[in-house]
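Here are the chains, one letter per residue:
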Amino acid sequence: MADEEVRERRIVVAVDESEQSMYALSWCLENLVCDSESGNVKDTLILAFARPPRTVYTALDGTGYLFSTEVVDSMEKYSLEVAASVIAKATAICKDLKHVKVDTKVGCGDARDVICDMVEKVGGDILVMGSHGYGLIKRAFLGSVSNHCAQNVKCPVLIVKKPKA
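Analysis parameters
- Residues numbered from 1 in each chain as written.
- Predicted model: local features only at pLDDT ≥ 70, side-chain atom pairs only at ≥ 80, totals over all residues.
- Heavy atoms only, no water.
- Helix = DSSP H or I, 4+ residues; strand = E, 2+ residues; numbered from the N terminus.
- Buried < 20%, exposed > 50% of the residue type's maximum accessible area, 1.4 Å probe, protein only.
- Polar contact = N/O pair within 3.5 Å; in protein donor to acceptor, adjacent residues only side chain to side chain.
- Contact = heavy atoms within 4.5 Å.
- Pairing = 2+ DSSP bridges.
- Axes fitted to C-alpha atoms, helices over the stretch in contact; angles between N-to-C directions.

Novice: Which parts of the structure should I look at to understand the side chain of arginine 51?
Specialist: Structurally, arginine 51 is set in strand β2 (residues 41–51). Using a relative accessible area of 10% as the deciding quantity, one classes arginine 51 as buried. In terms of polar contacts, arginine 51 uses its side chain to reach the side chain of serine 79, at 3.0 Å. Apart from the residues lying within four places of it in its own chain, the contact partners of arginine 51 are Glu76, Ser79, Leu80, Ala83, Val106, Gly107, Cys108 and Gly109.

This is the structure:
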């Protein structure tokens, strides 16, 4: 048998601060990622996080309060800390991978658009994401990031639902 060509896969996992996204990452590591030196598959895992966009405040909000630059800077700092915390938690889950390259990407903007853009930019072969399990009413008001991504990315999308306890 001739040597088989090594196939490289770029697996993008969308992470956020929810239990569901960390469960999806763990599920992906157990069921999808190939952490083997032998074999014809070489995986790269890309952890993608979408930070909310920096909110632009007018000089006065509707109640007449003035937002100082310190307050706005503090909110931006908090957003960066949340991003760092989520990426650190996700990276810690991946710590035992020996033969898989783990990259992290943090974008800023609407999660639906940021995730779709990241998948396209990195040339993702599959997108894995968790499902928050919102009902019909919540989904109608909040929208569904996973549904938007499933409709708009050019690669397969795997939506992992955490089993109810």
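Novice: So what exactly am I meant to see when it comes to the sheet that holds strand β3 (residues 101–108) here?
Specialist: Pairing between the strands of a sheet is mediated by backbone hydrogen bonds and can be parallel or antiparallel. Reading across the sheet, the 5 strands line up as β3-β2-β1-β4-β5 and stay open at both edges, with parallel pairing between neighbours. Looking at the sheet topology across the chains shown, the edges are occupied by β3 and β5 (157–161). Each adjacent strand pair in this sheet contributes to an overall mean axis angle of 25 degrees, direction not counted. One ladder, built from 8 bridges, connects strand β1 (residues 7–14) with β2; its direction is parallel. Bridge assignment links valine 12 to a residue of β2, and that residue is isoleucine 46. Running over the sheet, helix α3 (residues 111–122) touches β1, β2, β3 and β4 (126–131) and is turned about 140 degrees from β3. Seen against the sheet, helix α5 (residues 145–152) touches β4 and β5 and runs at an angle of roughly 160 degrees to β4.

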